[in-house]
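# Descriptive structure summary
Spelled out from the first residue to the last, the chains are:
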Amino acid sequence: MSKKDTMAETLHSPRANMLEVLGATLYYGSVKALDNVSVVAGEGEFLTILGESGSGKTTLLKIISGLEQPSEAQALRIGGQDVRALGASDRNCTTVFQHYALFPHMSVRENVEYGLKVRGISRDARKKQAMDALEMVRLAHKSERRITQLSGGERQRIALARAFVTKPAILLLDEPLGALDEKLRVDMQEELIAIQRNLGITFVYITHSQEEALTMSDRILLMRNGRIAQEGAPTDLFDRPNSSFTARFMGVDNVFEGVITAVDGSSVSLFVGGHVLTGQWSGTSVPVAGQKAVLGVRAERVRLDPQDGLENVLDATLQNSVYKGKYLDIAFETSVGPVRARLWDSEQPPAGVRRIGWAKSACTVMDP
Ligand SMILES: Nc1ncnc2c1ncn2[C@@H]1O[C@H](COP(=O)(O)OP(=O)(O)OP(=O)(O)O)[C@@H](O)[C@H]1O
C-alpha cells in the first residue's frame, strides 16, 4: 500500500468524502504557511478550522477555493474530482467572507441572483431561486431593499444566501461572523447550523473562537504554525486534549509541567513541584516513567476544601477573586504554582479555604 493510500485510509470519514486535501504545503516566499496538511470533510459535514492568527487557516481555505496554488499537494479533490488544474471559478465551492462583499448599488434580490445570472440561468428561474434562498435566511420580505438599508447581520445572511443559491458542493466560510456584535453572533451561529442542516452542504468554517467551534461543528481541526495540532469531535478536543497547546487553546485554565513517575493503564502520575498528581492520559505518545508531560485541569473542576479522598489535594492560599457575572474566578497560590478555581453560584469566595483538590478523573495528562 502506498503512503498516499495509507493516509487516505487513516483520514477516511464515515460519510462520503466531499473534500480531500492530502499533504498540502504552501510557501509565501520563505514563509511556510502550510506544512504537509491533510484534511478530509464528509458530505454534509460541518468542519471547523480553528486556530490563532497566522496559523494558516485562510491559506488552507484559499488552496481549496483555488485562490492560491499549493507549492506541493499529493491530492486536492472536491466531490472526488481532482481540482488542482482548475481555476477558482471552475471549482464547485463558494467562499463567504467576513466582509460581505455585496454590491451596494443592487437590491438584495439582485445580489442573490448575481451568481445565477453569471451562469446564464433564465430570469424567472433565477428570481424564484433567489427568493427561495432569501426565504431560508428569513429576508424574503426585504428583497427589494438596497444593501445600504440593512443591518450587519442582515447583510451577512444575504452574503450567505448569495453563496448557497448556486448550490456549491462545499461552502467555505472565512470568519463570517467576525464583524458582528456578540448577541448577533450567537443568534447567527444557531441560524447557520440550521441552514447547514437544511441544505446538507459541506461547510468548512474558519474561526479563532474555540467557543464558536465547539458550538457549531461536527468536527474541529485545530491548527498551529501551518500544521494540524489536533483533530476530532468537539468533545475530543474539549475533554481529551493531546498536548498543552490544545489544552490551553481549548480553555484549560491550569496546566502544570512535570515528569511521569508511574503509569497504570490510562492512569498516569506526574511529579510536579514536590507533589505527585494523577490524571487520565490523553496524549498521542505512549506514556513512560521519566518522560516529561503536562497535567491540565479546568477551573470548574477544582474543589475547595475537599473532605473526601480526592487523588489530588494541595495546600492553597487564596490570592484574589474576580466576579464575572456568570461565575466567580478564584486565584490560589500552591506549591505547584498558581491554580484557578471557578464557582458558578457565588459572588464571594467562601472564607477560610486552606486546601484545594480535584479528582484524577477530572484532569488529563498529556504530551508537553
Ligand atoms: N500573501 C502573503 N504573503 C506572505 N505571507 C503571507 C501571505 N498571506 C499570509 N501569509 C503568512 O502566512 C501565515 C498564515 O497566514 P493565514 O492568513 O493563513 O493565517 P490565519 O490563520 O488565517 O490568520 P488570521 O486568523 O489572522 O486570518 C502567516 O504567517 C502569514 O503572515
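Residues numbered from 1 in each chain as written. Predicted model: local features only at pLDDT ≥ 70, side-chain atom pairs only at ≥ 80, totals over all residues.

## Section: the overall build of the chain
Secondary structure summary: the chain contains 9 helices and 20 strands in total. Taking the principal axes of its C-alpha atoms as reference, the chain extends roughly 75 × 55 × 35 Å. When burial is assessed residue by residue, the chain has 38% of its 368 residues classed as buried. (Helix = DSSP H or I, 4+ residues; strand = E, 2+ residues; numbered from the N terminus. Buried ≥ 20, exposed ≤ 12 C-beta atoms within 10 Å, placed from the backbone.)

## Some words on the sheet that holds strand β2 (residues 31-42)
Reading across from one edge, β2-β1-β4-β5 is the order of the 4 strands in this open sheet, with antiparallel pairing throughout. Of all the strands in the sheet, just β2 and β5 (81-82) have a single pairing partner and so form its edges. Sheet strands in contact with helix α2 (residues 57-65) are β1 (17-28), β2 and β4 (75-78), and its direction is about 120 degrees off that of β1. (Pairing = 2+ DSSP bridges. Contact = placed C-beta atoms within 7 Å. Axes fitted to C-alpha atoms, helices over the stretch in contact; angles between N-to-C directions.)

## Remarks on the UniProt feature "domain: ABC transporter" (unreviewed entry) in the chain
Within the UniProt annotation, "domain: ABC transporter" (unreviewed entry) is assigned to residues 19-250. The span residues 19-250 is 36% helical and 26% strand by assignment, and the distance between its end C-alpha atoms comes to 26 Å. (UniProt positions renumbered as here; feature names shortened; annotations may be inferred.)

## Regarding the environment of A341
As for its placement among the helices and strands, A341 is situated in strand β18 (residues 337-343). When the C-alpha atoms of A341 and V302 are compared, they prove to be 5.3 Å apart, with 39 residues separating the residues in sequence. Sequence-distant contacts of A341, defined by excluding residues within four places in its chain, comprise A299, V302, L304, I330, F332 and I356.

## Some words on the site of the ligand
The environment of the ligand is formed by Y28, V31, A33, G51, S53, G54, S55, G56, K57, T58, T59 and H208. Within the residue set of the shell around the ligand, elements represented by two or more residues are β2 and α2. Looking at the shell around the ligand, the element that brings in the most residues is α2, giving 3 residues. Classifying every residue of the shell around the ligand gives 3 nonpolar, 8 polar and 1 charged. (Near = placed C-beta within 6 Å. Nonpolar A, V, L, I, M, F, W, Y, C, P; charged D, E, K, R; others polar.)

## A short note on the domain arrangement of the chain
Often the size quoted for an interface is simply the accessible area lost on bringing the parts together. Assigned domains of the chain: these are domain 1 (3-239) and domain 2 (244-366). Taking the mean C-alpha position of each, domain 1 and domain 2 sit 37 Å from one another. With 7 residues of domain 1 at the interface, the matching set in domain 2 holds 5 residues. Where the side of domain 1 that touches domain 2 is concerned, the elements lending two or more residues are β9 (219-224), β10 (227-232) and α8 (234-239). Partitioning the side of domain 1 that touches domain 2 into residue classes produces 4 nonpolar, 2 polar and 1 charged. (Domains from an automatic or database assignment.)

## Some points on the sheet that holds strand β7 (residues 170-174)
Taking strand neighbours across the sheet as the criterion, the 6 strands line up as β6-β7-β8-β3-β9-β10 in an open arrangement whose pairing is mixed. Where the open sheet ends on each side, the last strands, each with one partner, are β6 (93-96) and β10. Strand-to-strand twist of the sheet, defined as the mean angle between neighbouring strand axes without regard to direction, takes the value 20 degrees. Where β9 lies against β10, 5 bridges are found, and the strand directions are antiparallel. Within β10, the position partnered with L221 by the bridge is E231. Running at roughly 170 degrees to β6, helix α5 (residues 152-164) makes contact with β6 and β7 of the sheet.

## So, α5
When the terminal C-alpha atoms of α5 are compared, their 19 Å separation across 13 residues agrees well with the 18 Å that a helix rising 1.5 Å per residue should span. With 10 of 13 residues buried, α5 lies mostly within the body of the structure. As for α5, its buried residues are in contact with β6, α3 (108-118), α4 (123-136), β7 and α6 (182-199). (Expected span 1.5 Å × (residues − 1).)

## Comments concerning α6
Along its 18 residues, α6 runs 25 Å from first to last C-alpha, staying within 8% of the 26 Å computed at 1.5 Å per residue. Listing the buried residues of α6 in full gives L192, I195 and Q196. Viewed end-on, α6 has its buried residues packed into an arc of 95 degrees, placing them on one side of the element. Structural note: α6 exposes K183, E190, A194, R197 and N198 on the side pointing more than 90 degrees away from its buried face. Contacts made by the buried residues of α6 are with β3 (46-51), α4, α5, β8 (202-207) and α7 (210-216). G200 sits one or two positions beyond α6 and adopts a positive phi of about 70 degrees. (Arc of directions from axis to C-beta.)

## Some points on the confidence of the model for the chain
In low-pLDDT regions, the fine details of the predicted coordinates are not to be read closely. Of the residues in the chain, 96% reach a pLDDT of 70 or more, and the chain-wide mean stands at 92. Every residue in residues 1-13 is under pLDDT 50, and counting partners more than four places away or in other chains gives 12 contacts. We note a pTM of 0.89 for the whole complex and an ipTM of 0.97 for its interfaces. (pLDDT = per-residue confidence, 0-100.)

## Some details on the pairing of strand β13 (residues 275-281)
Relative to β13, strand β12 (residues 267-272) runs antiparallel, the two being bridged by 6 bridges. Residue pairing for β13: S267 is matched across the bridge by Q280. Here β13 runs beside strand β20 (residues 363-366); their pairing, made up of 2 bridges, is parallel. Across the sheet, the residue bridging to W281 is V365, located in β20.

## Thoughts on unusual backbone geometry
Positive phi is not limited to glycine here, since K167 has a value of about 55 degrees. Within the secondary structure, K167 is located in the loop between α5 and β7.

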